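Given next are the chains, with one letter for each unit.
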Amino acid sequence: MAPPSEDALLDWQEQVDEVQALEAIYGDDFRLAAASDVLPAEGRGDANGDAASSSSGRGTEPLDAATLAVLDAPASDSWQLDCSLLVRPELPAGGLRLQLPHDEGGGGGGEPGASSGSGGYRAEHLPPLCMQLRLAAGYPSRQPPQLSLSAAWLSGGASQQLQEQLQALWEEQGPGIPVCYAWADWLQGGVLRQLAPGGSLQLGAPPSGGGAGSEQAGQQSGQQQAAGSDGGQVEGGAWQAEDTLMMLLRYNAVQEHQAFHVSMHTCGVCLEEQPGRQFTRLDCRHAWCSSCLGAQASLAVAEGGLERLRCPDPQCKAPLPPSALQRLLTAEEFARWEQLTLQRTLDSMPDAAYCPRCSTISIEDADSCAQCPKCFFVFCSLCNEGWHPGTTCVSAETKLAMLRRKMEGGGRAALEDLRRQEQELLSVAQIEKTAKKCPRCGMATEKAEGCNKMSCGGCGAYWCWRCGKEIDGYKHFRSGDCILFDEAEILRWEAQWDEMQAAARIAAAGMRNDFMAETVARAGGRPRGCFCPQCGQVNHKIAQNNHISCWSCGGHFCAQCHAVLRGKGAGASHFGPRGCKQHSPD
């Protein structure tokens, strides 16, 4: 292996200085990937832990700029340094528009962190462009470094065009001067002016570059999926523009989120300036400190006011997403929010009803009939009473209002309020139909029974039921204009009196029958009763008379033969010489 010449040593020193300068300027975005034929064989063994080398004497050693600085010369005049540099393009003010091939006037929605409008999808951050450089012997004195460009948003044709322009920049500058920094600086400021004139980047062609450079770009930026790690080949080897767009939008969202977290912001509620990591950013792009937004959400959930879970901006009022609520609320509060949300969802269902017995959700049919799946109670969903087919329980207006409340999400309380209003109206109608108002205080009074002299339970006034005037007492009924008792009331009392008399007679006969049995028992005899052939009640003979009148049903029968004596004079024809004896000992 021939030692390097004097010109080669000058190139080597220029390359080492340039690698050190790039590492100092770009930091972690620059990486010395590998070096070939730089260390001698024994040095490579020390660096790698073995003395591995190919049969031709060439080897590849992972080094850094500090290691190269201590070397006076490479081991061979055919050395190579493989470097990679992530160039972050400067985006125009207001962001970069990302357009699909079929987007003429704009696109629809996108990932959070990107906006879309009449110019397509707009991004504030773009994945870096990976420059893969190979610094070989002869650079920079005779030839430029070998260059490869790759990025998720860079097509093969655009990559070739950029490489030609960088080659022209080398030729314009002339050999002998390192060009890597000039290339990186030109790409950082001019790549989008070249590929995205007017601030609009057209997507759709396959991305360029190999898998290694793209993978390094993804590792350095934290977004491997945006930079690509498989050479840009998915599903049959063809990238779709939509896939590239989604990668760029996800990368933009992550970078924007990270930038927001490290910067300071002022909360619009408490007016305190705090770092972004203490803020909660909503889907509407408004941000509020987590303590203020969490206090508002906790109060709304505790009071059941889910409609207040909105962005505090008075011009926005966008609802808070569940992901934000889960971060702001405690586990118990979030569980209550889920329960209230489910409850309101069920209440807004037009065919859902709650069982009046166990409050289990049930499904009603077209006739407002529902059966509880838990207790199997069949009820009317309109009045919450037992199912009553063919009977109208609420008016058509109330039923229509209940359906509207359900569709508007009024909830169970709104339906109960409608039922209560319906019952109150029915009660008022019934009161107006059967009751009258006190002439002094206006309290409604309903007459159940008795005379027409009414006593108000509210103010104690006396008034006449017939004429409705306030009276002193019974003197009002002496004039003859108003009667004390209505004829219907008198007839009702007479019928009630007859029933009471009949019951009294039966009770007296039963008491007399029991008295006779006790009298016989006290005299030392054995009371013998006979059963009435009509009602079966026990009757006792009085003074050995076999003609018995039943104390219970009032029927007559013979105590000896138990024949029923019907009609007037039946006893005279039944008892006699040819019949039963009317009197006989027990």
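Predicted model, so just to flag it, every value in this text is computed and none were measured.

(A) Just unusual backbone geometry, in detail. Here the amide bond leading from tyrosine 139 into proline 140 is cis, since omega sits at 10°, within 30 degrees of zero. By the element assignment, proline 140 lies in the loop between strand 7 (129-136) and strand 8 (146-155). The phi torsion at arginine 285 lies on the positive side, around 75°, for a residue other than glycine. Looking at the element boundaries, arginine 285 is found in the loop between strand 13 (279-281) and strand 14 (287-289). The exposure class of arginine 285 is partly exposed, given its relative accessible area of 37%. The backbone phi angle of phenylalanine 376 is positive, close to 65°, even though this residue is not glycine. Within the secondary structure, phenylalanine 376 is located in the loop between strand 17 (369-371) and strand 18 (378-380).

(B) How the structure looks around helix 9 (residues 290-302). The end-to-end C-alpha distance of helix 9, which contains 13 residues, comes to 18 Å, matching closely the 18 Å that a straight helix rising 1.5 Å per residue would cover. Every buried residue of helix 9 is accounted for by Cys292, Leu293, Gly294, Ala297, Ser298, Ala300 and Val301. Those residues of helix 9 that are buried lie in contact with strand 13, strand 14, helix 10 (322-328) and helix 11 (331-347). Positive backbone phi, at 75°, marks glycine 304, one or two positions downstream of helix 9.

(C) Structural context of the packing of helix 9 against helix 11. For the pair helix 9 and helix 11, interaxial distance at closest approach is 10 Å and the crossing angle is 50°. Regarding the angle of helix 9 to helix 11, the classification is oblique. Handedness of the helix 9/helix 11 crossing: left-handed. Residues Ser298, Val301 and Ala302 of helix 9 form the contact with helix 11, whose own contacting residues are Glu333, Arg336, Trp337 and Leu340. Across the contact of helix 9 with helix 11, the residue classes tally to four nonpolar, one polar and two charged.

(D) Quick peek at the state of the cysteines. Evaluation of the coordinates by the stated rule reveals zero disulfides. Residue cysteine 292 stays outside any disulfide, its sulfur separated by 3.1 Å from that of cysteine 289, the closest cysteine. With a relative accessible area of 19%, cysteine 292 lands in the buried category. Left without a disulfide partner, cysteine 311 is nearest to the cysteine sulfur of cysteine 284, which lies 3.8 Å away.

(E) Representation of the side chain of serine 298 within the structure. Positionally, serine 298 belongs in helix 9. If we ignore the near neighbours within four places in the chain, the residues touching serine 298 are Leu329 and Glu333.

(F) Inspection of the packing of helix 1 (residues 6-26) against helix 5 (residues 180-195) at higher detail. Direction vectors running N to C along helix 1 and helix 5 enclose 30°, while the axes themselves pass 10 Å from each other. When the axis of helix 1 is compared with that of helix 5, the two are roughly parallel. Of the residues in helix 5, those touching helix 1 at Glu18, Leu22, Ile25 and Tyr26 are Cys180, Tyr181, Ala184, Asp185 and Gln188. Considering only residue class, the contact of helix 1 with helix 5 consists of six nonpolar, one polar and two charged.

(G) Spotlight on a nonpolar patch on the surface. A cluster of nonpolar side chains, Phe485, Ile490 and Trp493, forms an exposed patch at the surface whose accessible area comes to about 280 Å². Examined against the element boundaries, tryptophan 493 turns out to sit in helix 14 (residues 487-522).

(H) Representation of the pattern of salt bridges in the model. Taken as a whole, this structure holds six salt bridges when the rule is applied. Of the charged contacts in the structure, one is a salt bridge between arginine 88 and aspartate 29, with a shortest N-O distance of 3.0 Å. In this pair, arginine 88 sits in the loop between strand 3 (80-87) and strand 4 (96-99) while aspartate 29 sits in the loop between helix 1 and strand 1 (30-36), placing the two residues 59 residues apart along the sequence. Note that arginine 285 is salt-bridged to glutamate 256, the shortest N-O span being 2.8 Å. With a gap of 29 residues between them, arginine 285 in the loop between strand 13 and strand 14 and glutamate 256 in helix 8 (residues 241-262) connect regions that are remote in the sequence. Note on glutamate 256: relative accessible area 16%, which makes it buried.

(I) Local environment of the environment of glutamine 274. Locating glutamine 274 in the fold gives a position in strand 12 (residues 273-275). Take glutamine 274: its relative accessible area is 11%, and that puts it in the buried class. Separated by 13 residues in the primary sequence, glutamine 274 and histidine 261 have C-alpha atoms spaced 10.0 Å apart. Excluding anything up to four places from it in sequence, glutamine 274 contacts Ser263, Met264, His265, Phe279 and Cys289. A distance of 3.5 Å separates polar atoms of two side chains, one belonging to glutamine 274 and the other to glutamate 272.

(J) Main features of the nonpolar core. Membership of the largest hydrophobic core comes to 55 residues, with the highest contact counts inside it found for Leu81, Leu98, Met131 and Trp153. Sorting elements by how many residues they give to this core places helix 5 first, with seven residues.

(K) Quick peek at the sheet that holds strand 27 (residues 564-565). Taken in spatial order, the three strands line up as 25-26-27 in an open sheet, and their pairing is antiparallel. Every interior strand has two partners, whereas the edge strands, strand 25 (547-549) and strand 27, have only one. As paired elements, strand 25 and strand 26 (residues 556-558) share three bridges and run antiparallel to each other. Each residue of the ladder has a partner; that of serine 549, found in strand 26, is histidine 556.

(L) Main features of the packing of aromatic side chains. Within the structure shown, the criterion is met by seven aromatic pairs. Pairing tyrosine 139 with tryptophan 170 gives two aromatic rings, centres 6.2 Å apart and planes at 40°, and the pair type is tilted. Of this pair, tyrosine 139 sits in the loop between strand 7 and strand 8 while tryptophan 170 sits in helix 4 (residues 156-173), and the two are 31 residues apart along the sequence. Residues tyrosine 139 and tryptophan 170 agree in their burial class; the two are buried. Both rings, one in phenylalanine 260 and one in phenylalanine 279, keep their centres 6.3 Å apart while their planes meet at 85°; by these two values the pair is edge-to-face.

(M) Representation of helix 4. Given a rise of 1.5 Å per residue, 18 residues ought to cover 26 Å, and the 26 Å separating the end C-alpha atoms of helix 4 matches this to within 8%. What helix 4 keeps buried is the set Ala158, Ser159, Leu162, Leu166 and Trp170. Buried positions in helix 4, seen along its axis, are confined to an arc of 125° and lie on one side of it. Turned more than 90 degrees from where helix 4 packs its buried face, Gly157, Glu164, Glu171 and Glu172 sit exposed.

(N) Layout of the confidence of the model for the protein. Averaged over every residue, the pLDDT of the protein is 78; the share at 70 or more is 79%. Residue range residues 45-60 is modelled with pLDDT below 50. Its contacts to residues more than four positions away, or to other chains, number 25 contacts. Every residue in residues 105-113 is under pLDDT 50, and counting partners more than four places away or in other chains gives 26 contacts.

What counts and what doesn't
- Residues numbered from 1 in each chain as written.
- Predicted model: local features only at pLDDT ≥ 70, side-chain atom pairs only at ≥ 80, totals over all residues.
- Heavy atoms only, no water.
- Helix = DSSP H or I, 4+ residues; strand = E, 2+ residues; numbered from the N terminus.
- Buried < 20%, exposed > 50% of the residue type's maximum accessible area, 1.4 Å probe, protein only.
- Expected span 1.5 Å × (residues − 1).
- Contact = heavy atoms within 4.5 Å.
- Axes fitted to C-alpha atoms, helices over the stretch in contact; angles between N-to-C directions.
- Parallel < 35°, antiparallel > 145°, perpendicular 65-115°, else oblique.
- Left-handed = near helix turned anticlockwise from the far one by under 90°.
- Nonpolar A, V, L, I, M, F, W, Y, C, P; charged D, E, K, R; others polar.
- Disulfide = S-S within 2.5 Å.
- Patch = residues over 30% accessible without salt bridge, like charges linked within 9 Å, V, L, I, M, F, W, Y side chains within 5 Å.
- Areas by Shrake-Rupley, 256 points an atom, 1.4 Å probe, with all protein chains shown as cover.
- Salt bridge = Lys/Arg side-chain N within 4 Å of Asp/Glu carboxyl O.
- Polar contact = N/O pair within 3.5 Å; in protein donor to acceptor, adjacent residues only side chain to side chain.
- Core = buried A, V, L, I, M, F, W, Y, C linked by side-chain atoms within 4.5 Å.
- Pairing = 2+ DSSP bridges.
- Phe/Tyr/Trp six-rings, centres within 6.5 Å; stacked < 30°, edge-to-face > 60°.
- Arc of directions from axis to C-beta.
- pLDDT = per-residue confidence, 0-100.

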